[in-house]
Amino acid sequence: MPDLSTMPKAELHLHLEGSFRWSTLQEAMLRHHGKGLPATPSWYHSGHRFHEFGEFLRLFQDYVDPWLSTPTGYREILRDVVEGLWLQNVRYAEINFSLGLVERIGHPLERVLEWLQSEAELAHQQGLEIRFFAGINRHRGSEQALKWTQQVCQASIVTGIDLHGNEVGWPASLFETAFQFAQEHGKRVKVHAGEMVGPQAIRDAVGLNITQIGHGTSASQDPELMERLRDRQVLLELCPTSNERLLNIPSYKAHPIFALDQAGIPVTLNSDDSAFFGINLTQEMHRLMAERQASISDLKRWTTHAFKKAAIDSATRQAFLLELEAWTPSDQQMIAAGPS
Ligand code: ADE
Ligand code: ZN
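Here is a short report on the structure shown in this document.

**Focus: the packing of aromatic side chains**
Point 1. Under the definition given, this model contains 17 aromatic pairs.
Point 2. Ring geometry for Phe 20 and Trp 67: centres 5.3 Å apart, planes at 80 degrees, overall edge-to-face. Here Trp 67 lies in helix H2 (residues 53–68) and Phe 20 lies in the loop between strand S1 (9–15) and helix H1 (22–33), a separation of 47 residues in the sequence.
Point 3. A connected cluster of aromatic rings, assembled from ring pairs, spans Phe 20, Phe 50, Phe 53, Phe 56, Phe 60, Trp 67, Phe 276 and Phe 277.
Point 4. Above the face of the Phe 133 ring, Lys 190 is positioned so that its terminal group lies 4.3 Å from the ring centre.

This is the structure we're talking about:
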């Protein structure tokens with residue numbers, strides 16, 4: 001298996017509060033709360049499945065809230081997520097931070113936005129472009145969504161909003177006013193859709209002029225929708241291991257990434273919540289190579305889609321694309337990894 005750690009990467013779909021490294025949490029829980037955690041949590045086991053979305057969300061309450069609630073916790077998570085990306089040679093990342101969590105913890109939003117700003121500046125100096133998307137929790141309803149959107153639209157550090165949370169019973173159409181407000185104020189809008197429910201959710205989002213969908217996995221059930229996504233070049237942020245662990249697909253082998261790709265839809269590869277699925281973007285790429293026979297050129301094509309959609313200036317985009325095109329795993333890396 002080639003060493004993919006040096007490949008220039010882009011990640012469009014990760015949640016700040018679910019993307020820290022476990023060892024950093026272990027150290028933080030001990031330092032802040034004197035609490036020891038196992039070296040490897042039980043849900044890192046490859047056979048682990050979350051049978052309900054609520055079971056997965058409880059991990060955030062149990063492990064992230066106590067960390068975020070400390071005076072330095074938010075900045076510690078932020079620093080760790082950015083460092084984890086940098087170590088994988090991710091050159092561009094879109095990070096979703098949950099407004100519901102900011103509120104639950106009680107940090108003033110202005111303070112959080114300042115922390116995001118200073119971390120993004122630091123990352124930029126290291127050659128990593130970070131863009132932040134304010135995560136709107138669906139279950140808080142449309143009025144709250146609009147209030148939050150109005151608040152974050154004033155902040156230049158916020159590139160856009162990203163509707164997330166439980167899809168069941170909360171179609172994107174309920175949030176049209178918030179989306180319009182964001183778009184009128186020059187912000188991007190992304191929607192998690194077709195992750196937990198069927199293709200209608202994706203059709204709804206596309207009908208609202210959304211061109212970047214979180215997951216969109218269930219589009220594969222509807223050939224007509226696939227044509228529409230291809231014609232409009234709607235980008236899908238696919239997260240295969242997340243879908244497997246949350247039981248949104250029958251198995252990893254059944255993930256429709258190749259069908260969607262072959263239909264001409266710009267797909268990208270992402271980790272979603274690596275802290276809870278135990279697999280980062282580089283590892284997800286390895287997994288797709290090992291278990292689905294993805295090639296280096298597949299990985300490069302999917303990364304190219306991400307760089308092309310990225311909220312960056314054209315010179316930076318060109319530089320990232322050229323860097324990616326020029327990259328090949330060296331012979332030494334291939335030998336060091338041994339036969340697959
Ligand atoms: N928030 C964090 N992870 C999520 C996921 N996989 N789907 C929807 N909302 C989320
Ligand atoms: Zn997500």
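Let's pick the thread back up.
**Let's talk about the coordination of the zinc ion (ligand 2)**
Point 1. Here the zinc ion (ligand 2) is held by the protein donor atoms His 13 (NE2), His 15 (NE2), His 192 (NE2) and Asp 272 (OD), which lie 2.0 to 2.4 Å from it.
Point 2. Viewed at the metal, the four donor atoms of the zinc ion (ligand 2) are separated by angles of 84 to 171 degrees, and the geometry they form is irregular.
Point 3. Taken in sequence order, the residues that donate to the zinc ion (ligand 2) follow the motif H-x1-H-x176-H-x79-D. Residue His 15 is located in strand S1, and its partner Asp 272 is located in the loop between strand S8 (267–269) and helix H12 (274–277); the two are separated by 257 residues in the primary sequence. When sorted by exposure, His 15 lands in the same class as Asp 272, which is buried.

**Section: the side chain of Thr 70**
Point 1. Secondary-structure assignment places Thr 70 in the loop between H2 and helix H3 (73–87).
Point 2. Residue classification places Thr 70 among the buried positions, given a relative accessible area of 7%.
Point 3. A polar contact is formed between the side chain of Thr 70 and the backbone oxygen of Trp 67, at a distance of 2.8 Å.
Point 4. At 3.0 Å, the side chain of Thr 70 and the backbone nitrogen of Gly 73 are in polar contact.
Point 5. Beyond its immediate chain neighbours, meaning those up to four positions away, Thr 70 contacts His 32, His 33 and His 107.

**What about H3?**
Point 1. With 15 residues, H3 extends 21 Å between its outermost C-alpha atoms, agreeing within 8% with the 21 Å of an ideal straight helix rising 1.5 Å per residue.
Point 2. Three or more residues of H3 are buried, namely Gly 73, Tyr 74, Glu 76, Ile 77, Leu 78, Asp 80, Val 81, Val 82, Gly 84 and Leu 85.
Point 3. With its phi angle positive at about 60 degrees, Asn 89 sits one or two positions after the end of H3.

**Details of the site of ligand 1**
Point 1. The environment of ligand 1 is made up of His 15, Phe 53, Phe 56, His 164, Gly 165, His 192, Glu 195, Met 196, His 215, Leu 246, Asp 272 and Asp 273.
Point 2. Contact distances for ligand 1 include 3.2 Å between a nitrogen atom and a side-chain N or O atom of His 164.
Point 3. Interatomic distance of 3.0 Å between a backbone N/O atom of Gly 165 and a nitrogen atom of ligand 1.
Point 4. Relative to its unbound accessible surface of 260 Å², ligand 1 loses 97% to contact with the protein.

**Topic: the packing of helix H6 (residues 141–152) against helix H7 (residues 176–184)**
Point 1. Two elements in contact, H6 and H7, have axes separated by 8 Å at closest approach and are oriented at 10 degrees. Taken together, the axes of H6 and H7 are roughly parallel relative to one another. Seen from H6, the contacting residues are Ala 145, Leu 146, Thr 149 and Gln 150; seen from H7, they are Thr 177, Ala 178, Phe 181 and Ala 182.
Point 2. Of the residues that constitute the contact of H6 with H7, the class distribution is five nonpolar, three polar and no charged.

How each quantity is defined
Residues numbered from 1 in each chain as written. Chains lettered and ligands numbered in written order. Predicted model: local features only at pLDDT ≥ 70, side-chain atom pairs only at ≥ 80, totals over all residues. Heavy atoms only, no water. Phe/Tyr/Trp six-rings, centres within 6.5 Å; stacked < 30°, edge-to-face > 60°. Helix = DSSP H or I, 4+ residues; strand = E, 2+ residues; numbered from the N terminus. Lys NZ or Arg CZ within 6 Å of the ring centre and 35° of its normal. Donors = N, O, S within 2.8 Å, 3.2 Å for Na, K, Ca; no water. Tetrahedral: all angles 85-135°; square planar, octahedral: opposite > 155°, others 65-115°. Buried < 20%, exposed > 50% of the residue type's maximum accessible area, 1.4 Å probe, protein only. Polar contact = N/O pair within 3.5 Å; in protein donor to acceptor, adjacent residues only side chain to side chain. Contact = heavy atoms within 4.5 Å. Expected span 1.5 Å × (residues − 1). Near = heavy atom within 4 Å. Areas by Shrake-Rupley, 256 points an atom, 1.4 Å probe, with all protein chains shown as cover. Axes fitted to C-alpha atoms, helices over the stretch in contact; angles between N-to-C directions. Parallel < 35°, antiparallel > 145°, perpendicular 65-115°, else oblique. Nonpolar A, V, L, I, M, F, W, Y, C, P; charged D, E, K, R; others polar.

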